[in-house]
Amino acid sequence: MTDDLTRLPAAELAALLTAREVSSVEATRASLNRIAAVDGDLHAFLHTAPEAALRTASEIDRRRADGYDVGPLGGVPIAIKDVLCTKDMPSTAASKILEGWIPPYDATVVARLRSANLVPLGKTNMDEFAMGSSTEHSAYGPTRNPWDRDRIPGGSGGGSAAAVAAFEAPFALGSDTGGSIRQPAAVTGTVGVKPTYGGVSRYGAIALASSLDQVGPVSRTVLDAALLHDVIGGHDPRDSTSLDELWPSFADAARAGRAAGDLTGVRVGVVRELGGDGFQAGVRQRFDEALAVLAAAGAEIVEVSAPHFEYAVAAYYLILPAEASSNLAKYDGVRFGLRVEPEGGGTVEQVMAATRGAGFGPEVKRRIILGTYALSAGYYDAYYGSAQKVRTLIQRDFDAAFASSDVLVSPSAPTTAFTFGEKMDDPLAMYLNDITTIPANLAGVPGMGLPIGLAPEDGLPVGIQIMAPAREDVRLYRIGATLEALLEEKWGGPLLDRLPELETAGSAHLAPPPGPGTEPDGGTR
Ligand code: GLN
């Protein structure tokens, strides 16, 4: 019984909890046991909090037994990306410069999880400060992809995606600045949503690039993502970019989409520039098959062109480093986090230099240098200014495309999961991974990634990305849930049913993951 609980989507587990057929302590213990069994090898978590999780779970069980309404998700466990501040767990953004740092407050999304009586299990691994597409840039060693442990789980949110795919947690929180929720979803066979910019609070989310960052759900089903989005979304006066408006219930939209099984009248625009050459054959094949499923359900498939999308990666890698270099200036060894004193002491500047030199990894340094250069007097107009103009052109491409389509679709990533080390020496190859996901961040529109099968050539997951106009996240859930239901019917069950059995902690022959030690020990690594 306990083992089976980890296989349940959050919605189904929640139903058992509400019916009091299962307790939150049982569900939480099942997740913790699964983490103990597989995470030594996968390294999806940087920190687990077993005692606190069991305490929270038993408190929720008690409240439920006393007749209190603990909400529709009360007692369900959840994993949290380490980019989000948690006042009872370290929050490091996978950087040495924040090693062991425990924030004095919770991110708004974390506070909302707690109010909804979800049970935080721990913090998930990521690329340092969310810079990367493979989680190899974590200062604490990478996460393995549960589908093939010699391969990356995507990034930057590889930990959250792997934890959910490997049944360590029913769902998780992620953040997406250029694809860090959708690309890991693609390569792990999970669902991930980047909400409309401003739809979910970033208060307490460690900032990467403030005009692009969004927090969002990572899950195994569209309904679970919707349920989580309903919990974390909505206006937050503490985030000045938060949209002050009422959102519909995304869970209702997902349930309606699943029940409908029909897409008559929905215009699906296929973005010509986000496909074709450079995309793996098996990715293209599964994508075309998904289009056929959409068409068979009554959707009208139209081709749209977004001519400026080809400049999106270039514009992003000026805007992101510019904003990141400014956001990361606060890690100075003075206010919080790591401090490195040069031998024999030194000036404030020398302490800062030593701290930043020792505390930041190579990718973070690369982007700080790039951003500082792009913003420097004399180059500002040529680089940052031009990139912002390109951004406007990309936004106009979206407006034009949405005039003829209700949603836009593309593969979520150009290839399936690549192997460790494959792109570490070639930053540009790494950056090009996000060619499909970056445009939505630049325009602020919402995007969902969901699994559409395994590539025939390597048996690894492939994802489709669905994008909607800003504020129309509801379309993603309705259409995504319909597509998910039709695909599951075709496959005879969810894609993750085909995940190979993972060897457990008992299998002593497993080599440790490439990088520092990883035993889940309930403490900071
Ligand atoms: N891979 C992209 C980058 O390296 C996206 C990161 C993200 O979404 N946080 O910037």
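Residues numbered from 1 in each chain as written. Predicted model: local features only at pLDDT ≥ 70, side-chain atom pairs only at ≥ 80, totals over all residues. Heavy atoms only, no water.

1. Side note on the site of the ligand
Of all residues adjacent to the ligand, which total 16 residues, the nearest are Thr 177, Gly 178, Ser 180, Tyr 316 and Asp 434. Gly 178 has a polar backbone atom sitting 2.6 Å from an oxygen atom of the ligand. A distance of 3.2 Å is found between an oxygen atom of the ligand and a side-chain nitrogen or oxygen belonging to Tyr 317. Surface burial for the ligand is 100%, taken as the share of its 290 Å² of free accessible area covered by protein chains. By residue number, the principal contributor to the shell around the ligand is helix α11 (residues 312–327), which donates three residues. Across the shell around the ligand, the residue classes break down as six nonpolar, seven polar and three charged. (Near = heavy atom within 4 Å. Polar contact = N/O pair within 3.5 Å; in protein donor to acceptor, adjacent residues only side chain to side chain. Areas by Shrake-Rupley, 256 points an atom, 1.4 Å probe, with all protein chains shown as cover. Helix = DSSP H or I, 4+ residues; strand = E, 2+ residues; numbered from the N terminus. Nonpolar A, V, L, I, M, F, W, Y, C, P; charged D, E, K, R; others polar.)

2. Structural notes on the environment of Glu 503
Inspection of the secondary structure assignment puts Glu 503 in the segment after α17 (473–491). The exposure class of Glu 503 is partly exposed, given its relative accessible area of 29%. Taking the C-alpha atoms as reference points, Glu 503 and Tyr 380, separated by 123 residues in sequence, lie 52 Å from one another. (Buried < 20%, exposed > 50% of the residue type's maximum accessible area, 1.4 Å probe, protein only.)

3. Quick look at the packing of helix α10 (residues 281–296) against α17
Two elements in contact, α10 and α17, have axes separated by 10 Å at closest approach and are oriented at 110 degrees. The orientation of α10 relative to α17 falls into the category roughly perpendicular. Two secondary-structure elements touch here, α10 through Glu 289, Ala 290, Val 293 and Leu 294 and α17 through Leu 483, Leu 486, Leu 487 and Lys 490. Of the residues assigned to the contact of α10 with α17, the class counts are six nonpolar, no polar and two charged. (Axes fitted to C-alpha atoms, helices over the stretch in contact; angles between N-to-C directions. Parallel < 35°, antiparallel > 145°, perpendicular 65-115°, else oblique. Contact = heavy atoms within 4.5 Å.)

4. Side note on the packing of aromatic side chains
Evaluated as defined, the whole model comprises 16 aromatic pairs. Ring geometry for Trp 101 against Phe 336: centres 5.2 Å apart, planes inclined by 25 degrees, an arrangement best described as stacked. You can see Trp 101 sitting in the loop between β2 (77–81) and α5 (108–115) and its partner Phe 336 sitting in the loop between α11 and α12 (348–359), a full 235 residues away along the chain. Site record: aromatic cluster; members linked through ring pairs are Trp 101, Phe 129, Tyr 331, Phe 336 and Phe 360. Directly above the aromatic system of Phe 167 lies the positively charged group of Arg 7, at a separation of 3.9 Å from the ring centroid. The positively charged end of Lys 423 is found above the aromatic ring belonging to Phe 418, 4.5 Å away from the centroid. (Phe/Tyr/Trp six-rings, centres within 6.5 Å; stacked < 30°, edge-to-face > 60°. Lys NZ or Arg CZ within 6 Å of the ring centre and 35° of its normal.)

5. Digging into the pairing of β2
Most of β2 is tucked away: five of the five residues are buried. Every second residue of β2 is oriented toward a common face, with Pro 77, Ala 79 and Lys 81 on one face and Ile 78 and Ile 80 on the other, all of them buried. Bridge count for β2 against strand β3 (residues 119–124) is five bridges, and the pairing is parallel. Bridge pairing in β3 places Lys 81 opposite Thr 124. Assessed by its sense of winding, the connection that carries the chain from β2 through α5 to β3 is right-handed. (Pairing = 2+ DSSP bridges. Right-handed = clockwise from strand over helix to strand, strands pointing away.)

6. Here's the deal with the sheet that holds strand β7 (residues 267–271)
Sheet architecture is open: eleven strands sit in the order β1-β3-β2-β4-β6-β5-β10-β11-β9-β7-β8, paired in mixed fashion. In this open sheet, the two edge strands, each paired with only one partner strand, are β1 (45–48) and β8 (300–304). Geometrically, the sheet is characterised by an average inter-axis angle of 30 degrees between neighbouring strands, direction not taken into account. In this structure, β7 lies alongside strand β9 (residues 407–411), joined through three bridges in parallel fashion. Considered in β9, the bridge of Gly 269 is made with Leu 408.

7. Examining a nonpolar patch on the surface
A cluster of nonpolar side chains, Tyr 373, Tyr 379 and Tyr 383, forms an exposed patch at the surface whose accessible area comes to about 290 Å². Overall, the relative accessible area of 36% leaves Tyr 379 in the partly exposed class. (Patch = residues over 30% accessible without salt bridge, like charges linked within 9 Å, V, L, I, M, F, W, Y side chains within 5 Å. Salt bridge = Lys/Arg side-chain N within 4 Å of Asp/Glu carboxyl O.)

8. Points about the nonpolar core
Among the nonpolar cores identified, the biggest contains 124 residues, and Leu 84, Phe 129 and Tyr 477 are the most heavily contacted of them. The residues touching Leu 84, leaving out its near neighbours within four places in the chain, are Ser 91, Ala 107, Val 109, Val 110, Lys 123, Leu 173, Gly 204, Ala 205 and Val 215. Listed in part, the 13 residues of the second largest apolar core include Ala 162, Ala 169, Ala 172 and Ile 181. (Core = buried A, V, L, I, M, F, W, Y, C linked by side-chain atoms within 4.5 Å.)

9. Some remarks on the pairing of strand β4 (residues 171–176)
Across a regular strand the side chains alternate sides, sitting on one face of the sheet and then on the other. A large share of β4 lies buried, amounting to six of its six residues. The alternating pattern of β4 places Phe 171, Leu 173 and Ser 175 on one face and Ala 172, Gly 174 and Asp 176 on the opposite face, and all of these are buried. Where β2 and β4 come together, two bridges link them in parallel fashion. Bridge pairing in β4 places Ala 79 opposite Ala 172. For β4 and strand β6 (residues 214–219), the ladder comprises six bridges, and the chain directions are antiparallel.

10. Things to note about the pattern of salt bridges
For the structure shown, the criterion picks out 25 salt bridges. Residues Arg 272 and Glu 303 are paired through a salt bridge, measuring 2.8 Å at the closest nitrogen-oxygen approach. In this pair, Arg 272 is assigned in the loop between β7 and α10 and Glu 303 in strand β8, connecting sequence segments 31 residues apart. On the accessibility criterion, Glu 303 (54% relative accessible area) is exposed. Three or more residues joined by partner-sharing salt bridges are found here, namely Glu 59, Arg 62, Arg 63 and Asp 66.

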